[in-house]
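Chain and residue survey
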Amino acid sequence: MSMQGSGGAGTRKGPIRPDTVVDTALALVNHGGLESLTMRRLSDALGTQPPALYRLFQDKDALVDAMADAVLASVLGPLPEANWETRVSVLAGRLRAAMLDQRDGARIVGGAYTTRQPTLTVADSLLAAMKEAGFTGEAAVWAITTVFSYVLGEALEQQGRAEVDAGGVQATLSAEDYPHLARSPLPALLDFDARFAFGLRMLTAGLREGARTFHSGETVPGAASSATTDSPTEGTPAPTSRTSPSPSPSLPSRKAAPAEPGP
């Protein structure tokens, strides 16, 4: 995608479509990273002026929300007719791939707070899998945020990794000071595909056991019992004092955006 408007800054003719703005913003991030994205640079690339962008997006946060939805759009699609564990694994793999395909994709998605169709569809699919596993009420919501947080964390670390010679680092470790690190295969830390697959297996195994624990009536220390908020044996959930809506897995609290450079 060209990153310069065909007519130069401020000379574009005709209206700009929101999806064109989002695609151009993602291209700018691919070129220079998320810090390089400013409304001024974006308007220059589109051959228009910033006010034209603000008519489409209230502010940069709203634009990043739309960018997150564009990143997540590739996650959508039919899921295999399989058990809940397989469906969660497929969704987790798609989420990771979508974030890694876009430069700073994990930061874009992790910093967004969006309730548009791609995000809600991913959340709904994960929630269906968790309910099939046996989670209900708050426990089901916490289960999907657990999955999302794992995928996001792995993608963030992979995209933010520095060039590190893990073997070289290990060679400098004192076996006396760091006996376990010195004798461990530290280069495995950089095998992101294998470690993601391993962690996902551990996560689904934990969720499987957690669902059994949930059905046994045990509760998480310090948390309200899900049995009192949404009983799996009752037709109607019991009243709850919580009034805030349940978050989707792609709705973490927005982190502070980096300061936007001047024009």
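Residues numbered from 1 in each chain as written. Predicted model: local features only at pLDDT ≥ 70, side-chain atom pairs only at ≥ 80, totals over all residues. Heavy atoms only, no water.

1. With respect to the overall build of the protein chain
Across its full length, the protein chain holds 12 helices and 0 strands. Starting at the N terminus and ending at the C terminus, the protein chain contains elements arranged as α-α-α-α-α-α-α-α-α-α-α-α. A burial count over the protein chain gives 39% of its 263 residues as buried. Of all intrachain contacts in the protein chain linking residues separated by at least 6 positions in sequence, the fraction that spans at least 24 positions is 73%. For the protein chain, the computed accessible surface area is about 14200 Å², with 54% contributed by carbon and sulfur atoms. (Helix = DSSP H or I, 4+ residues; strand = E, 2+ residues; numbered from the N terminus. Buried < 20%, exposed > 50% of the residue type's maximum accessible area, 1.4 Å probe, protein only. Contact = heavy atoms within 4.5 Å. Areas by Shrake-Rupley, 256 points an atom, 1.4 Å probe, with all protein chains shown as cover.)

2. Section: helix 4 (residues 60-72)
If you check helix 4, its first and last C-alpha atoms are 18 Å apart, about what 13 residues at 1.5 Å a residue would give, namely 18 Å. Judged by how many residues are buried, helix 4 sits mostly within the fold: 11 of 13 residues are covered. Every buried residue of helix 4 is listed here: Lys-60, Ala-62, Leu-63, Val-64, Asp-65, Ala-66, Met-67, Ala-68, Asp-69, Val-71 and Leu-72. Where the residues of helix 4 are buried, they touch helix 1 (18-32), helix 2 (39-46), helix 5 (84-101), helix 6 (105-110) and helix 7 (117-133). By the N-cap criterion, in which a side-chain oxygen at the helix start approaches the backbone nitrogen of a residue two or three places on, helix 4 is capped by Asp-59, the distance to Asp-61 being 3.2 Å. (Expected span 1.5 Å × (residues − 1). Polar contact = N/O pair within 3.5 Å; in protein donor to acceptor, adjacent residues only side chain to side chain.)

3. Observations concerning the packing of aromatic side chains
For the structure shown, the criterion picks out 1 aromatic pair. The aromatic ring of Phe-196 is capped on one face by Arg-96, whose charged end is 4.8 Å from the ring centroid. (Phe/Tyr/Trp six-rings, centres within 6.5 Å; stacked < 30°, edge-to-face > 60°. Lys NZ or Arg CZ within 6 Å of the ring centre and 35° of its normal.)

4. A short note on the side chain of Thr-38
Positionally, Thr-38 belongs in the loop between helix 1 and helix 2. Among the polar contacts listed, one links the side chain of Thr-38 to the backbone nitrogen of Arg-41, at a separation of 2.9 Å.

5. Things to note about the pattern of salt bridges
The final tally for this structure, using the stated rule, is 10 salt bridges. Arg-17 is the partner of Asp-19 in a salt bridge, and the nearest nitrogen-oxygen pair spans 3.1 Å. Residues Glu-132 and Arg-87 are paired through a salt bridge, measuring 3.0 Å at the closest nitrogen-oxygen approach. Residue Glu-132 is found in helix 7, and its partner Arg-87 is found in helix 5; the two are separated by 45 residues along the sequence. (Salt bridge = Lys/Arg side-chain N within 4 Å of Asp/Glu carboxyl O.)

6. Section: the packing of helix 7 against helix 8 (residues 137-159)
Helix 8 packs onto helix 7 with a crossing angle of 120° between their chain directions and a minimal axis gap of 9 Å. Here helix 7 is positioned oblique relative to helix 8, judged by the angle of their axes. In this structure, helix 7 meets helix 8 at a crossing whose hand is right-handed. Where helix 7 abuts helix 8, its residues Ala-123, Leu-126, Leu-127 and Met-130 lie against Ala-140, Val-141, Ala-143, Ile-144 and Val-147. (Axes fitted to C-alpha atoms, helices over the stretch in contact; angles between N-to-C directions. Parallel < 35°, antiparallel > 145°, perpendicular 65-115°, else oblique. Left-handed = near helix turned anticlockwise from the far one by under 90°.)

7. Things to note about the nonpolar core
Soluble, globular proteins show a tendency: their nonpolar side chains are buried together. Leu-42, Leu-63, Met-67 and Phe-135 are the most contacted members of the largest nonpolar core, which has 57 residues in total. Residue assignment for this core shows that the elements contributing at least two residues are helix 1, helix 2, helix 4, helix 5, helix 6, helix 7, helix 8 and helix 11 (192-215). With residues up to four places along the chain from it excluded, the contact list for Met-67 reads Val-22, Ala-25, Leu-26, Val-29, Leu-37 and Ile-108. (Core = buried A, V, L, I, M, F, W, Y, C linked by side-chain atoms within 4.5 Å.)

8. Some words on unusual backbone geometry
Its identity as a non-glycine residue notwithstanding, Asp-104 has a phi of 60°, on the positive side. By secondary structure assignment, the location of Asp-104 is in the loop between helix 5 and helix 6.

9. Focus on the confidence of the model for the protein chain
Averaged over all residues, the pLDDT of the protein chain is 80; the fraction at 70 or higher stands at 75%. Element-level pLDDT for the protein chain is lowest in helix 12 (residues 226-229), with a mean of 40, against a maximum mean of 97 in helix 1. Overall, residues 224-263 carries pLDDT values under 50, and its contacts beyond four positions in sequence, including any with other chains, amount to 67 contacts. (pLDDT = per-residue confidence, 0-100.)

10. Notes on the side chain of Asp-104
With relative accessibility at 12%, the residue Asp-104 sits in the buried group. Not counting residues within four places of it along the chain, the set of residues in contact with Asp-104 comprises Val-29, Gly-33, Leu-34, Glu-35 and Gln-159.

11. Topic: the environment of Glu-163
Tracing the chain through its elements places Glu-163 in the loop between helix 8 and helix 9 (166-171). Using a relative accessible area of 79% as the deciding quantity, one classes Glu-163 as exposed. Taking the C-alpha atoms as reference points, Glu-163 and Leu-190, 27 residues apart in sequence, are found 9.9 Å from one another.

12. Regarding helix 2
Those residues of helix 2 not exposed but buried are Met-39, Leu-42, Ser-43, Ala-45 and Leu-46. Burial along helix 2 is one-sided: seen end-on, the buried residues are contained in an arc of 160°. Residues of helix 2 that are buried in the fold lie against helix 1, helix 3 (50-54) and helix 4. Just past helix 2, the residue Gly-47 takes up positive phi, approximately 70°. (Arc of directions from axis to C-beta.)

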